[in-house]
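In case you want the letters, here they are:
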Amino acid sequence: MAILTSATLLMELLRYRRGFRWMNAALHFFLGGALRKHEMEGNFTGSFYYFFGAAASARLFPKTAGTMGIMQLALADPSASFFGRRTRHIYWSRIENGLGGLGRNKRLLGFLVGALFCFPFNYRVFKSAKWGSKGIPGGEAALVAASLLLGLAGAFADLAVPTPALTMPKKVFGIPVPPFHVDDNFVVPIFSGWACTKKI
């Protein structure tokens, strides 16, 4: 995963430089329909943050927690985005300026669906896990609660990342820096992996 993350970072750093614009043209050709506006205008694509978040989650947490963190991103993020777009006409669901800095330009219904969408997967994985001779600590109720809470953690991490994303300034102390930004593809697996270590 570290090799894939490094290769993606290299591609992101080079794709706007003279002599390497063919990379950007190839990216637009193959992924043009999937790229967001800010990704086409010079910001890093979500793939870099996805690989970086997955690698960090796998490195920082035990295997089960790291994997569950990555799966919350794979399930909660696209389901929340899809449902949020489908319900954009429901005005009360939209969080325009954020709630205490959270969820700017996101939707409450997308958040709830993202959390609930993760529940069946989480429940199935935890139910099939080997818990030892004493069985599931806390019984079935604890299993349901942990599955729901982990889904909520992934959806909350997605909700916490504002839209548009917070981006680093173009220069720091006069030195040009890459266009890094806070991305849910990085935040969700790490926060969810951490939450999983607190529940299991």
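The model shown is predicted, which means the values in this text are computed figures rather than measured ones. (Residues numbered from 1 in each chain as written. Predicted model: local features only at pLDDT ≥ 70, side-chain atom pairs only at ≥ 80, totals over all residues. Heavy atoms only, no water.)

1. With respect to helix H6 (residues 108–128)
Short version of the rule: A run of H or I in DSSP becomes a helix once it reaches four residues, and a run of E becomes a strand once it reaches two; helices and strands are each numbered from the N terminus. Expected span of a helix: the number of residues minus one, times 1.5 Å. Here the bend at each residue means the angle between axes fitted to two seven-residue stretches, the one ending at that residue and the one beginning there. In this scheme, a residue with accessible area under 20% of its type's maximum is buried, one over 50% is exposed, and one in between is partly exposed, where area comes from a 1.4 Å probe on protein chains only.
For H6, built from 21 residues, the straight-helix expectation of 30 Å at 1.5 Å per residue is met to within 8% by its first-to-last C-alpha distance of 31 Å. In the structure, H6 departs most strongly from a straight axis at Phe-119, where the bend amounts to approximately 30 degrees and where the proline Pro-120 lies between one and four residues downstream. Leu-109, Gly-110, Phe-111, Gly-114, Ala-115, Cys-118, Asn-122 and Phe-126 are the residues of H6 that are buried.

2. Brief notes about a nonpolar patch on the surface
This is how the line gets drawn: Patches here: salt-bridge-free residues with over 30% relative accessible area, like charges joined within 9 Å, nonpolar side chains (Val, Leu, Ile, Met, Phe, Trp, Tyr) joined within 5 Å. Using a 1.4 Å probe, the Shrake-Rupley method yields the accessible areas, and only the shown protein chains count as cover for residues. Any Lys or Arg side-chain nitrogen found within 4 Å of a carboxyl oxygen on Asp or Glu counts as a salt bridge.
Together, Phe-29, Phe-30 and Leu-31 make up a nonpolar patch on the protein surface, roughly 400 Å² of accessible area in all. Mapped onto the elements, Phe-29 comes out in helix H2 (residues 21–31).

3. Quick look at the packing of helix H4 (residues 46–60) against helix H5 (residues 63–86)
Which entries qualify depends on this criterion: All axes are obtained by fitting lines to C-alpha atoms, using only the stretch in contact for helices, and the reported angles, taken between N-to-C directions, cover 0 to 180 degrees. Working rule for angles: under 35 degrees goes down as roughly parallel, over 145 as roughly antiparallel, 65 to 115 as roughly perpendicular, anything else as oblique. In what follows, a contact means two residues having at least one pair of non-hydrogen atoms within 4.5 Å. Residues were grouped as follows: Ala, Val, Leu, Ile, Met, Phe, Trp, Tyr, Cys and Pro as nonpolar; Asp, Glu, Lys and Arg as charged; and all remaining residues, including Gly, as polar.
Two numbers describe how H4 lies on H5: the axes approach to 8 Å, and their chain directions differ by 155 degrees. It follows from the interaxial angle that H4 and H5 lie roughly antiparallel. In this structure, H4 contributes Tyr-50, Ala-54 and Ser-57 to the contact, and H5 contributes Gly-66, Gly-69, Ile-70 and Leu-73. Here the residues of the contact of H4 with H5 are counted per class, giving 4 nonpolar, 3 polar and no charged.

By themselves, these observations are geometric and do not establish any function.
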